[in-house]
Amino acid sequence: MNTEKDFAPLTSNIVRALNDKLYEKRKVAALEIEKLVREFVAQNNIGQIKHVIQILSQEFALSQHPHSRKGGLIGLAACSIALGKDSGLYLKELIEPVLTCFNDADSRLRYYACEALYNIVKVARGSVLPHFNVLFNGLSKLAADPDPNVKSGSELLDRLLKDIVTESSKFDLVAFVPLLRERIYSNNQYARQFIISWILVLECVPDINLLDYLPEILDGLFQILGDNSKEIRKMCETVLIEFLKEIKKNPSSVKFAEMANILVIHCQASDDLIQLTAMTWMREFIQLAGRVMLPYSSGILTAVLPCLSYDDRKKSIKEVVNVCNQTLMKLILPEDDGDHVRQTTLPHQDGITYESGSGCKNSSDLSDTSLDLSTNNINGACVTNECPLETLDLDGIVLVLDRHLHDTVTGMMTRIAILKWLYHLYIKTPRKMFWHTDSLFPMLLKTLSDESDEVILKDLEVLAEIASSPAGQTEGHDSSEIISTQNNQTELHIPISASTPMNSSRTRTFECSPSTPTMNSYFFKFMINLLKQFNNEKSLLEIRGPFIIRQLCLLLNAENIFHSMAEILLWEEDLKFASTMVQTLNSILLTSTELFQLRNQLKDLRTTESCNLFCSLYRSWCHNPVATVSLCFLTQNYKHAYDLIQKFGDLEVTIDFLTEVDKLVQLIECPIFTYLRLQLLDVENNPYLIKALYGLLMLLPQSKAFQLLSQRLQCVPNPELMQNTPSEKTTTSNRQVPSEINYNELLQHFEKVQNKHLAIRHQRAGRNDQMERKLPL
């Protein structure tokens, strides 16, 4: 530095000392400057004061020479001390050159800058608050300084500044929050620690309401919570706990909606601490804010559903998630089924959008109604001011549920929760949910093949609610129209030719009897598709078929189920499947406790409805001769059973056929047919029962079943009474058979169906013979 340059009012001795490399000499110069400035203050010579500060700033603190910069820093600190309470008038000129030195490459100089600024702030106290942002910005950089002395000096300055902020009531939080929001995303551990310490201080100041600005910094806090340093994680956790306590105390002043999506994002974090903390906040938000959280339900479910399948290693997270899920579900009310929410279709996983009713279109045509899944609008959650408060985001919820149900890696508990949600939505908002039913229906049917019985039970509950809800009733569609529209690959096609005789029973097929609950159009679609699935997945029918049908009989009306399935099977082209399905249904009808009431209804045939049901079942049961006989035994149509057995001589007797006869003999010995065995005592009125049983006996080879039935028939009293069969008029039992049943017509139908089966078997046998002839010897 040019020492001959005019630095008045600074003397040449002061200038030389400020440029000296020895600290002691620079300190002496600072004392001289302090004395000089005091004189100017006493004289109220503002011009000279500014001139001295300008010289120290421009010629020394910002000099290219390091010793000059050190002299300038100590000189500026001396000026501040001399100015005392008046230093507030010159703070900008005093602070700016010092802050510039914070970026100096020399660590000693950065330390002297900390020291100088500490003295300036110590004198000015509350007057530095208007300059707080620049001070905070400078300190945040020094907090990460590699030099321990500089870091130590910055910590002293930091504590002083915190004391000043705590004491003052004039802190400008509004101006500070943008800087805090910017600095909170620093990845440096020391900078993060510095930020957290300041948030803790501000949170403890009574006059500062940082809660109002929590949405600005909440995301950054969760970012810091994932820091590698345990100490920083603990500090951040403490801050979040304090904020949550404050939220619980003053929920009315909390901006829940502005923080909902932030929590949704961090609830999906891979870090356990972040996820647990975010889920805890989400639980409190749902409980405190209530229906304010409804617009964000889809995003919340996206985060919550996968966690429900966590194992015991994440037990704490799972417990919190369960509460979130249940509490959110309770927020949905019947009032949400109103007309003010738009009705949209749900894009299906395969890119096809299923609409209510028939037809479909590509989901690209619905781009205007698609749901934004970006991080700014998590899973369709409303984030704009235009979104009505407390509006249920049903479209988004169903989309999330459908996507997770399609996901093959979704855990069992998550699948159960999804199905519970769907059931709850169909109960609370049935009208709106039926706009999504065509899209959900295929996946709900596919879920019946799930490995878990509990999942299948919940799935059946949803399907049963869909099938029985009045909201799903389609006006203007009869049963034949429903059958004829099932032409796509996910549904069972039932061909109905023009030549098919449509007798009175046919036209009444899908009409529920007055004694049964009315089912909607989805009930018949369900039955059709269920049988289609049984046909496509033989293992499902074999392993889970009886279980599924029994549960449906509990959830819905057993008569409706058997009535509709019988009608569908009547027109089934795959005769082998029809026979197998009839055998399964017959076994369920005869053995399941769930079908007790239906068996009693069929046993007596006292009403027109029961007769219609018998005729409907009979026509389909004809696919399986032994099942048809067992149905006649159940309904006490013994003469007709005898007539059927007489026809068995014309049938092809196979091992499977004899096995079914064997099972029927076993069933006759079960409690289900107790009444039948007792009727054997009344030989006079039940000769055809005895003849039918003898017919079965003659069909059986010498086996255990043969011996069992033979022993039973040996117990029949007065067998000589059977030698002369009385006339039909005198042999009928006391039960009056309704005139609606035309047994001759039923017998003809049986022969017709069996002829079709025989023709199919002959065709297969012919194809097999041709294949064998083509094989080389």
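A.B. asks: Which residues make up the nonpolar core, and what values do they have?
C.D. replies: Ranked by internal contacts, the top residues of the largest apolar core, which has 245 residues, are Leu 221, Phe 526, Phe 562 and Phe 633. Beyond its immediate chain neighbours, meaning those up to four positions away, Leu 221 contacts Ile 184, Ile 196, Ile 199, Leu 214, Cys 236, Val 239, Leu 240 and Phe 243.

A.B. asks: Go over the pattern of salt bridges, please, and point to the residues and values.
C.D. replies: Think of it this way: side chains of opposite charge can pair up when their charged atoms draw near. Applying the stated rule across the entire model yields 25 salt bridges. For the salt bridge of Arg 283 with Glu 284, the shortest nitrogen-to-oxygen distance reads 3.1 Å. The class of Arg 283 is partly exposed, set by a relative accessible area of 22%. Here Glu 284 falls in the buried class, since its relative accessible area comes to 8%. Each of Lys 248, Arg 283 and Glu 284 takes part in salt bridges that share partners, so that together they form one network.

A.B. asks: Kindly report on helix H2 (residues 23-43), identifying the contributing residues and their values.
C.D. replies: Under the 1.5 Å per step criterion, the end-to-end length of H2 is 30 Å for 21 residues, consistent within 8% with the ideal 30 Å. Of the positions making up H2, those classed as buried are Arg 26, Ala 29, Ala 30, Ile 33, Glu 34, Leu 36, Val 37 and Phe 40. Buried-residue contacts for H2 involve helix H1 (12-18), helix H3 (46-61), helix H4 (66-83) and helix H6 (107-124). Taken from the residues just after H2, Asn 44 is the one with a positive phi, measuring 60 degrees.

A.B. asks: Can you explain the packing of helix H18 (residues 412-428) against helix H20 (residues 437-446)? Please cite residues and give values.
C.D. replies: Viewed as axis vectors pointing N to C, H18 and H20 meet at an angle of 145 degrees, and their least axial separation amounts to 13 Å. Remark: the crossing between H18 and H20 carries left-handed chirality. Along its contact with H18, which presents Leu 419, Leu 422 and Tyr 426, the element H20 presents Thr 437, Leu 440 and Leu 444. A per-class count over the contact of H18 with H20 returns five nonpolar, one polar and no charged.

A.B. asks: Describe the environment of Ala 144, listing the residues and the values that go with them.
C.D. replies: Relative to the helices and strands, Ala 144 resides in the loop between helix H7 (132-142) and helix H8 (148-167). Judged by relative accessible area, Ala 144 falls into the partly exposed class, the value being 27%. Each C-alpha atom of the pair Ala 144 and Arg 192 lies 9.0 Å from the other, and the pair is 48 residues apart in sequence. When residues no more than four places from it in sequence are discounted, the contact partners of Ala 144 are Asn 188, Tyr 190 and Ala 191.

A.B. asks: Run through the packing of aromatic side chains, naming residues and quoting values.
C.D. replies: In total, this model carries 26 aromatic pairs according to the counting rule given. Relative to Phe 524, the ring of Phe 523 lies with its centre 5.3 Å away and its plane at 80 degrees, an arrangement referred to as edge-to-face. Residue Phe 523 shares its accessibility class with Phe 524, and that shared class is buried. Through a chain of ring-to-ring contacts, the aromatic side chains of Phe 132, Phe 136, Phe 171, Phe 176, Phe 194 and Trp 198 assemble into a single cluster. Over the aromatic face of Tyr 310 sits the side chain of Lys 314, whose NZ or CZ is 4.6 Å from the ring centroid. Seen from the ring of Tyr 522, Lys 525 lies directly overhead, with NZ or CZ sitting 4.6 Å from the centre.

A.B. asks: For the packing of helix H31 (residues 625-634) against helix H33 (residues 655-668), give the residues involved together with the corresponding values.
C.D. replies: At a minimum axis distance of 9 Å, the contact between H31 and H33 shows a crossing angle of 20 degrees. Taken together, the axes of H31 and H33 are roughly parallel relative to one another. When you trace H31 past H33, the crossing you get is right-handed. Each of Pro 625, Val 626, Val 629, Ser 630 and Phe 633 in H31 lies in contact with H33, whose residues at this interface are Phe 657, Glu 660, Val 661, Leu 664 and Ile 668. Partitioned by chemical class, the residues of the contact of H31 with H33 number eight nonpolar, one polar and one charged.

Rules and cut-offs
Residues numbered from 1 in each chain as written. Predicted model: local features only at pLDDT ≥ 70, side-chain atom pairs only at ≥ 80, totals over all residues. Heavy atoms only, no water. Core = buried A, V, L, I, M, F, W, Y, C linked by side-chain atoms within 4.5 Å. Buried < 20%, exposed > 50% of the residue type's maximum accessible area, 1.4 Å probe, protein only. Contact = heavy atoms within 4.5 Å. Salt bridge = Lys/Arg side-chain N within 4 Å of Asp/Glu carboxyl O. Helix = DSSP H or I, 4+ residues; strand = E, 2+ residues; numbered from the N terminus. Expected span 1.5 Å × (residues − 1). Axes fitted to C-alpha atoms, helices over the stretch in contact; angles between N-to-C directions. Left-handed = near helix turned anticlockwise from the far one by under 90°. Nonpolar A, V, L, I, M, F, W, Y, C, P; charged D, E, K, R; others polar. Phe/Tyr/Trp six-rings, centres within 6.5 Å; stacked < 30°, edge-to-face > 60°. Lys NZ or Arg CZ within 6 Å of the ring centre and 35° of its normal. Parallel < 35°, antiparallel > 145°, perpendicular 65-115°, else oblique.

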